Amino acid sequence: MLIGARFSAIKGIKPHEWIIRFVFGGAVCVVAGLVAQHYGPVLGGLFLAFPAIFPASASLVEAHEKQHKARAGFDGTNRGRTVAAIDAYGATIGCIALAGFAAVFWIWLPRTSPWIVFPLATLVWLTVAVGLWLLRKRFFHKPRSASMQKGRSR
Amino acid sequence: MSHELTESLARFFIGGTIVSFFAVLAEMFRPKSFAGLFGAAPSIALATLGLTIASHGSNYAAIEARSMILGAIAFLCYASATTWMLWRYKPPALTATLSLMPIWFGVSFAFWLVVR
């Protein structure tokens with residue numbers, strides 16, 4: 001399967017992990033508003049692309065992977081950090097889509113109703129993010145089986 | 001209760017909810033490179049742009065969105081550096097993400113100096 005969703009993963013999120021994400025996300029939104037209020041929309045707008053949940057999610061990804069390996073009797077420290085790097089790589093692709101989302105708002109908001117711009121920008125973000133991820137998978141990702149076959153044929 | 005405090009409280013609760021929603025999506029999806037896309041989701045923008053439009057109008061929000069493009073480029077630099085550091089040196093993820101955060105501030109501030 002190319003992309004999968006595991007609903008049971010929600011049960012694995014601990015209460016303090018929910019609280020960290022909620023409080024940090026809420027706090028960044030308040031800061032973005034206050035900066036815009038005091039220093040204007042040019043500076044305030046930068047904070048709309050602040051990496052709000054990125055540090056927390058990368059460290060939680062690392063911790064979950066480490067726990068997963070520990071349950072199997074292995075030291076998952078290195079594996080956890082590798083998975084965090086893969087997660088960060090996904091975020092790098094997501095940043096291009098984030099810029100696309102902002103561009104839709106910048107171009108269309110003064111001309112069109114926000115009721116049209118919000119879903120349109122979200123759709124552009126999702127399409128660009130998934131599209132770039134699939135392109136990367138298609139052109140730059142070397143399947144494990146292919147690399148193993150290459151190794152065997154040597 | 002003052003208008004500013006009410007707006008800040010609304011931002012906090014709407015922001016916290018939307019950020020948590022994207023965090024859940026990031027937790028659910030596999031593979032991890034796909035789930036990582038949600039780490040750069042427009043969660044703060046979705047939470048605050050509606051309130052900004054309501055209080056300051058569409059043109060003001062469009063100026064914020066223009067700056068957001070620059071913020072996203074800064075995020076791209078920061079996320080690329082974090083990926084490289086985690087892949088190459090394997091430090092704890094929290095150490096890498098927090099120690100490289102000045103990249104986002106530096107690139108954003110440089111852009112702000114250019115466009116202000």
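Look a little higher up for the structure.
Residues numbered from 1 in each chain as written. Chains lettered and ligands numbered in written order. Predicted model: local features only at pLDDT ≥ 70, side-chain atom pairs only at ≥ 80, totals over all residues. Heavy atoms only, no water.

Now for the side chain of B:Lys32. Note on placement: B:Lys32 falls in helix 2 (residues 32–35). Among buried charged residues, B:Lys32 stands out as having no salt bridge; its nearest opposite-charge side chain is A:Asp87, 4.9 Å away. For B:Lys32, the side chain forms a polar contact with the main-chain oxygen of B:Ala26, separated by 3.4 Å. Every residue in contact with B:Lys32, bar those within four places of it in the chain, is listed here: A:Val61, A:Val83, A:Ile86, A:Asp87, B:Ala26 and B:Glu27. (Helix = DSSP H or I, 4+ residues; strand = E, 2+ residues; numbered from the N terminus. Buried < 20%, exposed > 50% of the residue type's maximum accessible area, 1.4 Å probe, protein only. Lys, Arg positive; Asp, Glu negative; His and termini not counted. Salt bridge = Lys/Arg side-chain N within 4 Å of Asp/Glu carboxyl O. Polar contact = N/O pair within 3.5 Å; in protein donor to acceptor, adjacent residues only side chain to side chain. Contact = heavy atoms within 4.5 Å.)

Before going further, it helps to examine the packing of aromatic side chains. On inspection of all chains with the given rule, the structure shows 23 aromatic pairs over all chains. Pairing A:Phe50 with B:Trp104 gives two aromatic rings, centres 4.9 Å apart and planes at 90°, and the pair type is edge-to-face. Taken as a pair, A:Phe50 in the loop between helix 2 (41–46) and helix 3 (54–71) and B:Trp104 in helix 6 (residues 101–115) lie in two separate chains rather than in one. Each member of the pair, A:Phe50 together with B:Trp104, is buried. A centroid spacing of 6.2 Å and a plane angle of 40° characterise the contact between B:Phe75 and B:Tyr78, whose relative ring orientation is tilted. Here B:Phe75 and its partner B:Tyr78 are both found in helix 4 (residues 58–89), three residues apart, which amounts to about one turn of the helix. Accessibility assignment for this pair places B:Phe75 and B:Tyr78 in one class, buried. By way of ring pairs, the aromatic residues A:Trp125, A:Trp133, B:Phe21, B:Phe22, B:Phe29, B:Phe34 and B:Phe38 are connected into one cluster. When the ring centre of A:Phe139 is taken as reference, the NZ or CZ atom of A:Arg138 above it lies at 5.2 Å. Between B:Lys90 and the ring centre of B:Trp87, over which it is positioned, the NZ or CZ distance is 5.3 Å. (Phe/Tyr/Trp six-rings, centres within 6.5 Å; stacked < 30°, edge-to-face > 60°. Lys NZ or Arg CZ within 6 Å of the ring centre and 35° of its normal.)

This part covers the interface of chain A and chain B. Between chain A and chain B, the residue contacts involve 77 residues of the former and 75 residues of the latter. In total, about 7100 Å² of surface goes out of reach between chain A and chain B, with carbon and sulfur atoms giving 78% of it. Per-residue buried area on chain A facing chain B is highest for A:Phe22, A:Leu46 and A:Leu48; these three make up 10% of the total on that side. For the pair chain A and chain B, the number of links is one salt bridge. (Buried area = accessible area lost by both parts, 1.4 Å probe.)

Time to look at the layout of surface pockets. In this structure, the largest pocket occupies an estimated 1000 Å³ of space. If you trace the largest pocket, you find 33 residues lining it, with A:Arg79, A:Val83, A:Ile86, B:Pro31 and B:Lys32 closest to the centre. Of all the secondary structure elements, the ones that give two or more residues to the lining of the largest pocket are helix 3, helix 4 (77–108) and helix 5 (114–139) of chain A together with helix 2 and helix 4 of chain B. The element contributing the most residues to the lining of the largest pocket is helix 3 of chain A, with seven residues. Looking at the lining of the largest pocket, its residues break down into twelve nonpolar, eight polar and 13 charged. Taken as a whole, the second largest pocket holds about 210 Å³ of empty space. Surrounding the second largest pocket, A:His16, A:Ile20, A:Phe24, A:Ala52, A:Pro55, A:Ala56, A:Ser59, A:Leu60, A:Glu62, A:Ala63, B:Leu94 and B:Leu98 form its lining. Where the lining of the second largest pocket is concerned, the elements lending two or more residues are helix 1 (15–39) and helix 3 of chain A together with helix 5 (93–99) of chain B. Tallying contributions element by element places helix 3 of chain A first for the lining of the second largest pocket, with six residues. Among the residues forming the lining of the second largest pocket, the class breakdown is nine nonpolar, two polar and one charged. (1 Å grid on protein atoms, 1.4 Å probe; cavity = no way out; pocket = protein on both sides within 12 Å on 5 of 7 lines; lining within 4 Å. Points joined across faces, edges and corners; volume = space filled by probe spheres on them. Nonpolar A, V, L, I, M, F, W, Y, C, P; charged D, E, K, R; others polar.)

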